[in-house]
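Letter by letter, the chains look like this.
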Amino acid sequence: MRPKIAIGRLVAAALCAALLTLLPLPGALGHAAAATYEQVESWAQLPPGVRWSRPTGVDIDLHGTIYVLQQRTAMPILAFDGHGRFLRSWGEGMFTVPHFLRADPNGHIWATDRRSHQIFKFNAEGKLLMTLGQKGIAGDNESTGAFNGPADVVIAQDGSIFIADGESGNTRVVKYSPEGKFVKYWGGRGTDPGKFIEPHSIAMDSTGRIYVADRRSFRIQIFDQDGKYLDQWTNFDRPWSLFITRGDMLYVVDGSSSLRITNTRDGGIVDRIDGLTNPHGVAVDKQAAIYIAEIDGNSVKKFVKK
């Protein structure tokens, strides 16, 4: 009888081991979670003869208009309505290397140019309202009027401007007044809390806390609006781009192949989409549809819940 008991124990142990392999690791979800979303094919009605050209940024304004920033000389910024109908484009000849695009709480559109070291503010029709930085002039970590590879920008409810100045030599966050006047900066190179190696994206939650994707440090750092360090999360591989919904859900793309959806209360990952091609920018509309700009995939993909 002893051999039968031993065999039974071995079978039970094997079954337990097999079941354990199906469980997600702490702080992560398995690939099966991608099945909760489906892609909406050909959602954008591009003008005749126009194709996506290395799209880097995407965002949605209060009216549901979708804006895409791409590295295309002729039509760098494109606008679509909520049904994907093309509305307008602008910015021809303005950018050197366009990087990220944001819609602010007042309906303005912001875009960064990491090679010309500038940030532009437009109205929804494409009229230029403000320019921060001087074209082709690179600053350092102590500059008050120049940047070095400004990567991303986020605007607070009061109009304060926060810039992730970190796509080239600088490693800081810079704060400007709503009128475009320098206020302060924080950061500097390093891996200690409050320091950065590559601040590549920036976002803000409903309480005004600032989230910075420190891409090459494999972490997201959290600050108040005066630059006080609050916390950091390190369960996102290489975070490239951040987007926070009004309900304070954080969407993070890692730049290689995945999007992770996170609760800002604790940083826990609640869902994900895999199989992407170098995702660079992400935005979510009021219906929770997700738009992802794939720079190497030459695509802006739309996903909805099944």
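Residues numbered from 1 in each chain as written. Predicted model: local features only at pLDDT ≥ 70, side-chain atom pairs only at ≥ 80, totals over all residues. Heavy atoms only, no water.

So, the overall build of the protein chain
On a plain count of helices and strands, the protein chain comes out with one helix and 24 strands. The buried share of the protein chain, reckoned over its 306 residues, is 54%. Pairs at least 24 residues apart make up 42% of the contacts formed inside the protein chain by residues separated by at least 6 positions. (Helix = DSSP H or I, 4+ residues; strand = E, 2+ residues; numbered from the N terminus. Buried < 20%, exposed > 50% of the residue type's maximum accessible area, 1.4 Å probe, protein only. Contact = heavy atoms within 4.5 Å.)

Quick notes on unusual backbone geometry
The phi dihedral of Asp-237 is positive, around 55°, even though this residue is not glycine. Within the secondary structure, Asp-237 sits in the loop between strand 17 (229-233) and strand 18 (241-244). Residue class for Asp-237 comes out partly exposed when judged on its relative accessible area of 41%. With a phi angle near 65°, Asp-248 is a residue other than glycine that sits in the positive phi range. By secondary structure assignment, the location of Asp-248 is in the loop between strand 18 and strand 19 (249-253).

Quick look at the side chain of Arg-260
Its place among the elements puts Arg-260 in strand 20 (residues 259-263). A relative accessible area of 9% means that Arg-260 is categorised as buried. Only 2.5 Å separates the side chain of Arg-260 from the side chain of Asp-237, close enough to count as a polar contact. Those residues in contact with Arg-260 that lie beyond four places of it in its chain are Asn-235, Phe-236, Asp-237, Leu-250, Tyr-251, Val-252, Ile-269, Asp-271 and Arg-272. (Polar contact = N/O pair within 3.5 Å; in protein donor to acceptor, adjacent residues only side chain to side chain.)

With respect to the confidence of the model for the protein chain
Per-residue pLDDT for the protein chain averages 90, and the proportion of residues at 70 or more is 89%. Note that residues 1-34 has pLDDT below 50 and, in this model, 16 contacts with residues that lie over four places away or in other chains. (pLDDT = per-residue confidence, 0-100.)

Details of the sheet that holds strand 20
Strand order in the open sheet formed by four strands is 18-19-20-21, with antiparallel pairing between adjacent strands. At either margin of the open sheet sits one strand with a lone partner, and together these are strand 18 and strand 21 (269-273). Direction aside, the axes of adjacent strands within the sheet are offset by 20° on average. In terms of strand pairing, strand 20 meets strand 21 through four bridges, oriented antiparallel. What sits directly across from Thr-262, in strand 21, is Ile-269. (Pairing = 2+ DSSP bridges. Axes fitted to C-alpha atoms, helices over the stretch in contact; angles between N-to-C directions.)

A word on the pairing of strand 21
One face of the sheet, then the other: side chains in a regular strand alternate in exactly this way. With four of five residues buried, strand 21 is to be regarded as a mostly interior element. Connecting strand 20 to the antiparallel partner strand 21 that follows it, the hairpin turn spans five residues, and Gly-267 within it adopts a positive phi of roughly 80°.

Describing the sheet that holds strand 17
The strand order 14-15-16-17 describes an open sheet built from four strands, whose pairing is antiparallel. Edge positions in the sheet fall to strand 14 (199-204) and strand 17, since each has one partner strand and no second. The average angle at which neighbouring strand axes cross in this sheet is 20°, direction not considered. When strand 14 meets strand 15 (residues 210-214), the two strands line up antiparallel, connected through five bridges.

Observations regarding the packing of aromatic side chains
Evaluated as defined, the whole model comprises 18 aromatic pairs. These aromatic residues form a ring-pair network of at least three members: Trp-43, Trp-52, Phe-80, Phe-86 and Tyr-291. Seen from the ring of Phe-100, Arg-102 lies directly overhead, with NZ or CZ sitting 5.9 Å from the centre. The ring of Trp-240 carries the charged tip of Arg-215 above its face, separated from the ring centre by 4.2 Å. (Phe/Tyr/Trp six-rings, centres within 6.5 Å; stacked < 30°, edge-to-face > 60°. Lys NZ or Arg CZ within 6 Å of the ring centre and 35° of its normal.)

Description of the environment of Ala-79
Positionally, Ala-79 belongs in strand 4 (residues 77-80). Each C-alpha atom of the pair Ala-79 and Ala-124 lies 8.9 Å from the other, and the pair is 45 residues apart in sequence. Once you skip the residues sitting within four places of it in the chain, Ala-79 turns out to touch Thr-65, Ile-66, Tyr-67, Arg-85, Phe-86, Leu-87 and Arg-88.

With respect to the environment of Gly-297
The topology assignment puts Gly-297 in the loop between strand 23 (290-294) and strand 24 (299-305). Considering only alpha carbons, one finds Gly-297 and Pro-55, 242 residues apart in sequence, at a separation of 8.7 Å.

So, the pattern of salt bridges
If you walk through the whole model with that rule in mind, you get 15 salt bridges. Between Glu-198 and Arg-216 there is a salt bridge whose closest N-O contact spans 3.4 Å. Of the two residues, Glu-198 sits in the loop between strand 13 (182-187) and strand 14 while Arg-216 sits in the loop between strand 15 and strand 16 (219-223), which places them 18 residues apart along the sequence. Residue classification places Glu-198 among the buried residues on the basis of a relative accessible area of 7%. Judged by relative accessible area, which is 43%, Arg-216 ranks as partly exposed. In this structure, Arg-272 and Asp-274 form a salt bridge, with 2.8 Å as the shortest nitrogen-oxygen distance. Here Arg-272 and Asp-274 have matching classes, each one buried. One salt-bridge network, in which partners are shared between bridges, spans Arg-114, Glu-167, Glu-198, Arg-215 and Arg-216. (Salt bridge = Lys/Arg side-chain N within 4 Å of Asp/Glu carboxyl O.)

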